[in-house]
Structure formats: C-alpha cells, structure tokens
Amino acid sequence: MRPLTEEETRVMFEKIAKYIGENLQLLVDRPDGTYCFRLHNDRVYYVSEKILKLAANISGDKLVSLGTCFGKFTKTHKFRLHITALDYLAPYAKYKVWIKPGAEQSFLYGNHVLKSGLGRITENTCQYQGVVVYSMADVPLTRPPWRSCLPWESTGMVGR
Amino acid sequence: MEGQNVEELLAKAERDEAEKLQRITVHKELELEFDLGNLLASDRNPPTELRRAGPSPEAELQALARDNTQLLINQLWQLPTERVEEALVARLPEPTTRLPREKPVPRPRPLTRWQQFARLKGIRPKKKTNLVWDEVSGQWRRRWGYQRARDDTKEWLIEVPGGADPLEDQFAKRIQAKKERVAKNELNRLRNLARAHKMQLPSTAGMHPTGHQSKEELGRAMQVAKVSTASVGRFQERLPKEKAPRGSGKKRKFQPLFGDFAAEKKSQLELLRVMNSKKPQLDVTRATNKQMREEDQEEAAKRRKMSQKGKRKGGRQGAGGQRKGGPPSQGGKRKGGLGGKVNSGPPRLGGKRKGGQHQRGKRRK
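Keep in mind that what you see is a predicted model, and the values were worked out from it rather than measured. (Residues numbered from 1 in each chain as written. Chains lettered and ligands numbered in written order. Predicted model: local features only at pLDDT ≥ 70, side-chain atom pairs only at ≥ 80, totals over all residues. Heavy atoms only, no water.)

S.K.: Describe a positive patch on the surface, and please don't skip the residues or the numbers.
M.R.: Together, Lys-126, Lys-128, Arg-143 and Arg-150 of chain B make up a region of like positive charge exposed at the surface. Along the chain, Lys-128 of chain B turns up in the loop between α4 (113-121) and β5 (131-134). (Patch = residues over 30% accessible without salt bridge, like charges linked within 9 Å, V, L, I, M, F, W, Y side chains within 5 Å. Areas by Shrake-Rupley, 256 points an atom, 1.4 Å probe, with all protein chains shown as cover. Salt bridge = Lys/Arg side-chain N within 4 Å of Asp/Glu carboxyl O. Lys, Arg positive; Asp, Glu negative; His and termini not counted. Charge placed at Lys NZ, Arg CZ, Asp CG, Glu CD. Helix = DSSP H or I, 4+ residues; strand = E, 2+ residues; numbered from the N terminus.)

S.K.: Which residues make up the interface of chain B and chain A, and what values go with them?
M.R.: Taken together, the contacts link 16 residues of chain B with 25 residues of chain A. Interface area, chain B with chain A, both sides summed: about 2000 Å², of which 70% is carbon and sulfur. On the chain B side of the interface with chain A, the three residues burying the most area are Leu-257, Phe-261 and Lys-265 of chain B, jointly 27% of the side's total. On inspection of chain B and its partner chain A, the count reaches 2 salt bridges. Here chain B and chain A share 2 residue pairs in polar contact (both at pLDDT 80 or more) between them. With 9 residues, helix α7 (residues 261-278) of chain B is the largest single contributor of residues to the side of chain B that touches chain A. (Contact = heavy atoms within 4.5 Å. Buried area = accessible area lost by both parts, 1.4 Å probe. Polar contact = N/O pair within 3.5 Å; in protein donor to acceptor, adjacent residues only side chain to side chain.)

S.K.: Let's hear about the pairing of strand β6 (residues 139-142) of chain B: which residues, and what values?
M.R.: Residues and elements named next belong to chain B. Here 4 bridges tie β5 to β6, and the two strands are oriented antiparallel to one another. Note that in β6 the partner of Asp-134 across the bridge is Gln-139. A loop of 4 residues connects β5 with β6, the two strands running antiparallel in sequence, and Gly-138 in this loop sits at a positive phi of about 70°. (Pairing = 2+ DSSP bridges.)

S.K.: Outline empty space enclosed by the protein, supporting the account with residue identities and numerical values.
M.R.: Scanning all chains against the criterion turns up 2 cavities of 30 Å³ or more. Looking at the largest cavity, its volume works out to about 40 Å³. What lines the largest cavity is simply Val-28, Thr-34, Tyr-35 and Cys-36 of chain A together with Phe-261, Glu-264, Lys-265 and Gln-268 of chain B. Every element with two or more residues in the lining of the largest cavity is listed here: β2 (35-40) of chain A together with α7 of chain B. No other element matches α7 of chain B, which puts 4 residues into the lining of the largest cavity. Per-class residue counts for the lining of the largest cavity are 4 nonpolar, 2 polar and 2 charged. (1 Å grid on protein atoms, 1.4 Å probe; cavity = no way out; pocket = protein on both sides within 12 Å on 5 of 7 lines; lining within 4 Å. Points joined across faces, edges and corners; volume = space filled by probe spheres on them. Nonpolar A, V, L, I, M, F, W, Y, C, P; charged D, E, K, R; others polar.)

Right under this line is the structure:
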C-alpha cells in the first residue's frame, strides 16, 4: 500500500474530472474528515484516515481491500473507473441523463439508449461529454464493462 | 487619624505574616522521609481524607500534593547554599535510594579468537608499564598510540636491507605495511563483534568460498566483487556475452504511507487548480454556435414581421412590398457569397455586414 505518485494522481483526476468537473475538490478536501487515496495492488482506494491507520496493521499480501475502490491502473498505466466509485461520483456529477423506465432495462443489459428513451438531461450537455445515467427514481445506473467501454458513458445517444 | 492608619497597617502586616506561616507549615502525623539527592519525599501517612472524598477526589489530591511539595521545599531551603554565577544554588546531598537497573543484565559475550587461543595455550596477560624510555627523543613515551616510543614509520634513516631492490622506497614500504596491519586489525575486530552479536558482516554475507556454491551464489559473489573497486565497478568490462545485472537501477522512492495529510491535500488541490486553469474558459465552438443561433432567430423574426406587414399593406404598396422583399434575398445572396470568400463582398452591403462570424465555426445547416 502506498500513496499515489504525482503522475498517477494526475491521470486519475483527469478521468474523474470528466464526470464531476471541479467538484472533485469536494472529494479531496472534505469538511467531515480527512480522506485520502491509496494504491494497493494497482487499485486505488478512497479511504478515511482512521480506517487507513487500522489497515496499515494488516500485511500487504493479506490485505484485500480498504475503504472504497475507485478504480484501478492497468498494465499500461491508464486509469479505469469502477462501479464502486458511483456512490461518490453520482452526487457530484455535472451532467446527468435520466432514462425512462422502459429503456432502463435495455440500458442495464448493455444496449444503447435511443432518444425516445431519454427522460431528462442536464442542459448544455455537449457531445461526447461524460455523464452519469439515472433512472427516473434518481437511482444512478451502470452496467458491466462490456468490450472495454466505460460502464456508464452513454456514447449511444442515437439521433442527436 | 494617622495613628489609626499606622495601627491598621501594622495589624494587616501581622495578619499577612500569620497567613504566610500558616501556608508554609504543614501538620502531618507521621514525618515524611526525604531523599534530597533524588528530590524524593515519601509520605507514609494513611490516606483517610482521600478515601472519604468520593469518586473524583481532585481537590483532596491537589491539597495533598501541595502539602507534600511544601514540606519538600522546606527541607531544600535548609540545605547549605552557595553562589554560582549570580545564582543562589543549594548543594544536594548524595542520593540514598538505590534505583533499579534500567536495562537487563548483559549476557556473556563469546570469546574473541585471541582469547580462545590464549585460553587454549594458557597464556596469561603480562603486566606492562604504560610508559617506555625512548632513547631517540630522550623522554618517556607511551608504549603504543600517538607519539609512541619506537615508531618505525617516523625514522629518518633506513638502511636498504641486503636482498632488497635498491630503487625501492623503504619508507613507503613501511607506511604501507602499517596500513595493512591496521586494516587487518579492524577486520578482526569487526569479525569478533559480528560473532558476539551473531550477525553477518554485510560485505561477506554468505560469500565464503566453499567448494559447493550454487550458480546464484557464485553470480552474487561475482557481482559484489565487480562493484568492490575504487570506482564502484564503473570501469569494469564485461565478458562478450555477459548480460547486465538485473535490478541494478535506482530503487523508486515513494511517499510514506501516513505522510503529512495536510501537505498531501494541499498538493492535490494545487494539481486540480492547475488542471482547471489549463481548460479554456470560453468554449469557442459553443460560443459561435450560440451566436449563429441568435442570428438565425433574429432573421426569422424579421422575416415574419416583413411578411405580416407585407400582407397588411400588400394592395397599396406593391412596389414597396417588392422593395422590402429585396433585403432578404440580398441577405441570402450575401450569405452564399461570404461562405466562399474571405474579405470580398459587394460594396453596397457594407452597412449590414455582420463581420466574419459566418466564416468561423461550423454551420449547422
């Protein structure tokens, strides 16, 4: 377990900033406690200082996970966000897309969302923007990584 | 009147004295035992007041501490004083309490090689004098060490021995021999130390030549030997097919696990600030799209107005309507014209030209 280097932090922040923009500093600097990012076995964990101190007592090979896993660094040092980060990214997301109940199942199984399935969308969302997809009940959705596309990037906005 | 004041003052002074005396004197049933050398006072009085006090006896504890400290200080004031550099200082007596050992008893060390040998042979240490008479300098000098009696490196005249090369430097030879002896002694000392602490010497860890060393051990020994030169192996050639050793680069250093959290946060926020500053504030595509949309809306509104007015006044002013129909078509021609060219345009349209907006940005149509 170790903290991230400058380079790794930059790559990770660039990825996360695509979805939450400048709200990222609310994740870094929180009023209710010190939270930090730590790297363990190529995975980045977002963990509070208290839990980190406890986790330091576990040897590296026996430690499975700590805090929340935000994502991992691949062999070529690219950062891949994981579904477990959704809880932290969804409240700060800048551009949100709500989809109708009919299209929701289709989306969850990996299909594109048609324009007719779109309920609401944040205004001023430009093309190819990273968004967070919600159901009409304001539940953030995602789907399993499919052919190396990011889980909830709605690149399938057909007919825009 | 003044007499009364003086009386009052005297009475007050007396009261103050009594109070001070009361504060200084402390009544105890059993006298305290003092060890002034260690600044220690032992109170053997039974703690009845504390037991009576209850769950949080803060006030009683404080009173007890104050009383005992007062008694100790009273004792200190009775010690003989002296003056040291403008400060009055009490000379403490020798401590009487024997403090327990801080560290455990040292375990017996293994004998050094010489000690083992001496024990074997039955050699006892001979008592020798510290100083030896030195004829050369005419004074008593120590037996060994700095300015010793017979230092052969300090001789000014050395005869070349019978069988030696006449061009050899005898003085350098003696200095070299001394250096070698010193190095050998140091090595033996370290070996004895390593044996005592059951440790390995780092330089020879596992590299004593036995007949049965594995390929890895031999390789390691070879690497260490290569690096053990004055230039730390920089100018040692490799064999034709020998590969560079693995893992000989600098080890990467990471920040400690619990570094300074505040500093970490600060550097991350700084990184975010730099990232945000690099992004352009004004998105050119969106700005131009917005501008073009506005223009289109304006023109659409104008066209609607013209057509409405034209319908209302169509009968009376046929020519006028035709005239008013002109500018939109002219506008259309202008748009087409400016799409291709950069600065040319019909000169009569100077007033209504809207600058080069139409050239930049994407035309959504």
